[in-house]
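# Coordinate inspection notes
Residues per chain are reported as follows:
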Amino acid sequence: MLISKKYDIFASIKNEIINQINTKMKSTTLSMSLILLFCGTIGFAQVKKAVQTPGNPLLQEWKTPYGLPPFDKIKIEHFVPAFKEAMAVQMKNIDAIIANPQKPTFKNTIEAMEKAGALMTKVALVFYNDLSANTSDELQKVAEEIAPMMSKHSDDISLNPKLFVKIKTVYENRVAEKLNGEQLRLLEKYYKDFVRSGANLNNGDQSRLREINSEMSLLTLQFSNNVMAETNSFKLIIENKSDLAGLPESVIQMGADDAKSFKMEGKWVYTTKKPSMLPFLTYAKNRALREKIYNAYLNRGNNNNDNDNKKIITKIVSLRLERSKLLGYKTYADYGLETTMAKKADNVMDLLNKLWNPALKVGQMEEKAMQELASKEGENIKIESWDWWFYAEKVRKAKYDLDEEQLRPYFKIENVRDGVFAVTGKLYGLKFIAKKGIPLYHPDAVLYEVREANNSLLGVIMLDYYPRASKQNGAWCTGYRTAHYENGKRIIPIVSINLNSNKPTGNEPALLSLDDVETFFHEFGHGIHALVSNCQYEGSTSCPSDFVELPSQVFENWAMEPEVLKMYAKHYKTGAIIPLELIKKLEASSHFNQGFATVEYLSAAILDMKYHMLTNTDNVDVAEFEKSTLAQLNIMSSIAPRYRSTYYLHIFSSGEYAAGYYSYIWSEVLDSDAFAAFKEKGNIFDQATAKSFRKNILEKGNSVDPQVMYKNFRGRDAGIDPLLKKRGLN
């Protein structure tokens, strides 16, 4: 692989709910997460009774197939009134919990809180998912308007002393209540989240906390908007056909199609969106143009213009530290990691440091091979970051007689989709039935029913494959409803997967790169996690960030298995199955470029940790901080961090991955070890192992401690050796 596949933000559906609010509404406070922890499952009859607002579809009972939002009826002007009404309804429900004269119990307090914000969930998920996948200037203005409102609303709940007394009473009486395991864990989560949101602070500190939360909600929103503006503003416009030298015909056609969409017919346009940029970097012989487009990508948010993010980053880092200290923590990392598997920054840095030197050594070897090839070809250059994709592809061709263009014809997006469905069916017995004629949030989206082997309805999933100007970069899994139970009946989840894969060009269908294929499998792993969730409560589904990537990353392992490739990798013209010769080349090159992939990832993860391990943020100079952090790592100039500070959306537009970007590699330790369990059986579709993984991990959400979940599946803790072997770092 030439790049890592993991662009996503976001994972189990409850984690995704929290993250979509935090990311798209851009509040990085834990109290914002609390709103969604409270957003539960009051029945639609209750919503209808509580809200009598004709004409606003967001506030009505959704009499639609599967309970989907009525996408064709929702307009931008509906959102602000709907948010205001949803806040009012939620506060009435909270007030009713507080006013209940009975002794606080799990049922009349925690279960009631779970049901208090169903309307808020409905409104928020529609809005923030739209903001991700179908944004506009008007939607962004709505986001700016509601951000401080939502921040205040969140604080009004999480800092309500009377409500906290109720929760604390239930928590202190938890033994007497004889709760089951899921209920006990949910109660502990509520109590800890309130404490971590400032419930124990004095009035003065709570007042300052509110100010911080409100300011953060706008800063993180502005950060994201700036990145999108920078991404959309750059266009590499090519007028001379000779500058297209080296590009495959499909990539040339893509540039022509994009030029046409920008009303520049007769020219070719490439952007910093990865489906456009990466093929250009991989094949374009014009080094100056490769440098131009890659530097534009690297410097998004760092151009000393209206979209510059450096001052915003300085302020965000400072406010996070201040907030953490108010809550009794030395650093933001101490605060952020408390509820994760890692627990402490030292544990994170220990893992990252163990991997750094082996990865750097392999990366240096890869650079040397490229440098030698360039010299052999008579190029008197030093390999730089904009050269990596170009020369790495040449090395792969020379070393393995394999290049991307040989593979793409076998990865038609519909065939990859069928492969994803087939693997899911063989592992878990699930079936996918396409449904047409149902209004969805965008014409590109397609809907599937998901049924169990016994034909019972498990959930529905939407797939949205292609990039567009209104859609954020990357790939992610989200949802419009989380699986849970009401009156003993399972309420099915509504899941949505967004990709940014290559579009059809000219007469060719959408043909994916290796990276795109693995990204599809990755996001679908998140989708499976959400679909099979079997927790009683919505609040039980939110996994720690360093565990939630396990279901997605483990599913990637099937993508390139020879047995699986034969199931879906079929030539788009002839229908011929990918030949054994190509499969063997793929296997032989499985460790190719892993030094690069690991170094660019680890450098970004370490940069994240260094920002959030600061104990003093006075006068932080973002450019200098990043430069000095990378210098201490001795990273070579030919590899840039996967995310540089000024477009690092994971950590500066979302609180979920601040001091948490390490989560992917932490989870990869788990997923490598978990897939080894199938390999040890001699059957990657071993039914006993698949059943155990589903029952002990996928269905449990966060209703059991993740460490216990993994031990229940594997019989022991995960070891690091399978990861080192998979990445070729041992």
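Described below are features of the structure shown in this document. In this text, all values refer to a predicted model and were calculated from it rather than measured experimentally.

Of regular secondary structure, the chain possesses 31 helices and nine strands. Taken over the C-alpha trace, the chain has a radius of gyration of 25 Å; the compact-globule value for 730 residues is 27 Å, and the two agree within 12%. Looking at the chain as a whole, 64% of its 730 residues are labelled buried. Considering only contacts in the chain between residues 6 or more positions apart, those separated by 24 or more positions represent 76%. Only carbon and sulfur atoms are counted for the fraction: they give 50% of the accessible area of the chain, which is about 27000 Å².

Quick look at the packing of helix H13 (residues 274-283) against helix H14 (residues 287-298) now. Packing of H13 against H14 leaves a shortest axis separation of 10 Å and a crossing angle of 145 degrees. Read as a crossing pair, H13 and H14 show a hand that is left-handed. Where H13 approaches H14, its residues Lys274, Met277, Phe280 and Leu281 are matched on the opposing element by Leu289, Arg290, Ile293, Tyr294 and Tyr297. Per-class residue counts for the contact of H13 with H14 are seven nonpolar, no polar and two charged.

What follows is about the pattern of salt bridges. Per the stated rule, a full pass over the model turns up 44 salt bridges. The partner of lysine 73 in a salt bridge is aspartate 72, with the nearest N and O atoms 3.9 Å apart. You can call lysine 73 exposed: its relative accessible area is 51%. Note on aspartate 72: relative accessible area 52%, which makes it exposed. A salt bridge links aspartate 350 to lysine 354; the shortest N-O distance between them is 3.5 Å. Highlighted residues: aspartate 350 and lysine 354, both in helix H17 (residues 345-376), separated by four residues, approximately one helical turn.

Buried residues dominate strand E5 (residues 457-464), accounting for seven of its eight residues. Where strand E4 (residues 446-451) and E5 come together, six bridges link them in antiparallel fashion. Residue pairing for E5: arginine 451 is matched across the bridge by leucine 457.

Quick look at the sheet that holds strand E9 (residues 494-498) now. Strand order in this open sheet of five strands is E3-E4-E5-E9-E6, and the pairing throughout is mixed. Looking along the sheet, the strands with just one partner apiece sit at the ends: strand E3 (431-435) and strand E6 (476-481). Adjacent strand axes in the sheet meet at a mean angle of 25 degrees, parallel and antiparallel pairs treated alike. Lying over the sheet, helix H6 (residues 118-133) contacts E5, E6 and E9, oriented at roughly 155 degrees with respect to E6.

Mapped onto the elements, serine 501 comes out in the loop between E9 and helix H21 (514-532). Sequence-distant contacts of serine 501, that is, excluding residues within four places in its chain, are made with Pro275, Ile413, Tyr465, Tyr466, Pro467, Leu512 and Asp516.

Taken as a whole, helix H29 (residues 687-698) has its buried residues at Thr689, Ala690, Ser692, Phe693, Arg694, Ile697 and Leu698. Residues of H29 that are buried in the fold lie against helix H20 (413-428), E5, H21, helix H22 (545-556), helix H28 (663-680) and helix H30 (706-714).

Let's shift gears to unusual backbone geometry. Residues other than glycine predominantly adopt negative phi, and peptide bonds predominantly adopt the trans conformation. Despite not being glycine, lysine 343 shows a phi value in the positive range, around 75 degrees. Examined against the element boundaries, lysine 343 turns out to sit in the loop between helix H16 (332-337) and H17.

Following the criterion strictly, the structure yields zero disulfides and no others. Between cysteine 535, a cysteine without a disulfide, and cysteine 543, which holds the nearest cysteine sulfur, the sulfur-to-sulfur distance is 7.9 Å. On the accessibility criterion, cysteine 535 (1% relative accessible area) is buried. The exposure class of cysteine 543 is buried, given its relative accessible area of 2%.

Glancing now at the packing of H21 against H29. Packing of H21 against H29 brings their axes to within 10 Å, and their N-to-C directions diverge by 75 degrees. One finds that H21 runs roughly perpendicular with respect to H29. Mapping the contact onto sequence places Ile528, His529 and Val532 in H21 and Arg694, Ile697 and Leu698 in H29. Across the contact of H21 with H29, the residue classes tally to four nonpolar, one polar and one charged.

What follows is about H28. Counted at 1.5 Å a residue, the expected span for H28 with its 18 residues is 26 Å, and the 26 Å between its end C-alpha atoms agrees. Here H28 lies mainly inside the structure; 16 of its 18 residues are buried. Positive phi appears at glycine 682, one or two residues downstream of H28, with a value of about 75 degrees.

Our next topic: the environment of phenylalanine 390. With respect to the element layout, phenylalanine 390 can be found in helix H18 (residues 388-400). Separated by 210 residues in the primary sequence, phenylalanine 390 and asparagine 180 place their C-alpha atoms 57 Å from one another. Contacts of phenylalanine 390, omitting those with residues within four sequence positions, involve Leu281, Thr282, Tyr283, Ala284, Lys285 and Arg290.

To continue, consider the packing of aromatic side chains. One pass over the structure, following the stated rule, counts 48 aromatic pairs. Taking 5.8 Å as the distance between ring centres and 15 degrees as the angle between the ring planes, the aromatic pair formed by phenylalanine 164 and tyrosine 191 counts as stacked. Of this pair, phenylalanine 164 sits in helix H8 (residues 161-172) while tyrosine 191 sits in helix H10 (residues 181-196), placing them 27 residues apart in sequence. On the basis of an interplanar angle of 45 degrees and a centroid distance of 4.9 Å, the ring pair of tyrosine 270 and phenylalanine 280 is categorised as tilted. With a gap of ten residues between them, tyrosine 270 in strand E2 (residues 268-270) and phenylalanine 280 in helix H13 connect regions that are remote in the sequence. Stacked on the ring of tryptophan 62, the Lys or Arg lysine 122 has its end atom at 4.3 Å from the ring centre.

The rules we used
Residues numbered from 1 in each chain as written. Predicted model: local features only at pLDDT ≥ 70, side-chain atom pairs only at ≥ 80, totals over all residues. Heavy atoms only, no water. Helix = DSSP H or I, 4+ residues; strand = E, 2+ residues; numbered from the N terminus. Rg over C-alpha atoms; globule rule 2.2 N^0.38 Å. Buried < 20%, exposed > 50% of the residue type's maximum accessible area, 1.4 Å probe, protein only. Contact = heavy atoms within 4.5 Å. Areas by Shrake-Rupley, 256 points an atom, 1.4 Å probe, with all protein chains shown as cover. Axes fitted to C-alpha atoms, helices over the stretch in contact; angles between N-to-C directions. Left-handed = near helix turned anticlockwise from the far one by under 90°. Nonpolar A, V, L, I, M, F, W, Y, C, P; charged D, E, K, R; others polar. Salt bridge = Lys/Arg side-chain N within 4 Å of Asp/Glu carboxyl O. Pairing = 2+ DSSP bridges. Disulfide = S-S within 2.5 Å. Parallel < 35°, antiparallel > 145°, perpendicular 65-115°, else oblique. Expected span 1.5 Å × (residues − 1). Phe/Tyr/Trp six-rings, centres within 6.5 Å; stacked < 30°, edge-to-face > 60°. Lys NZ or Arg CZ within 6 Å of the ring centre and 35° of its normal.

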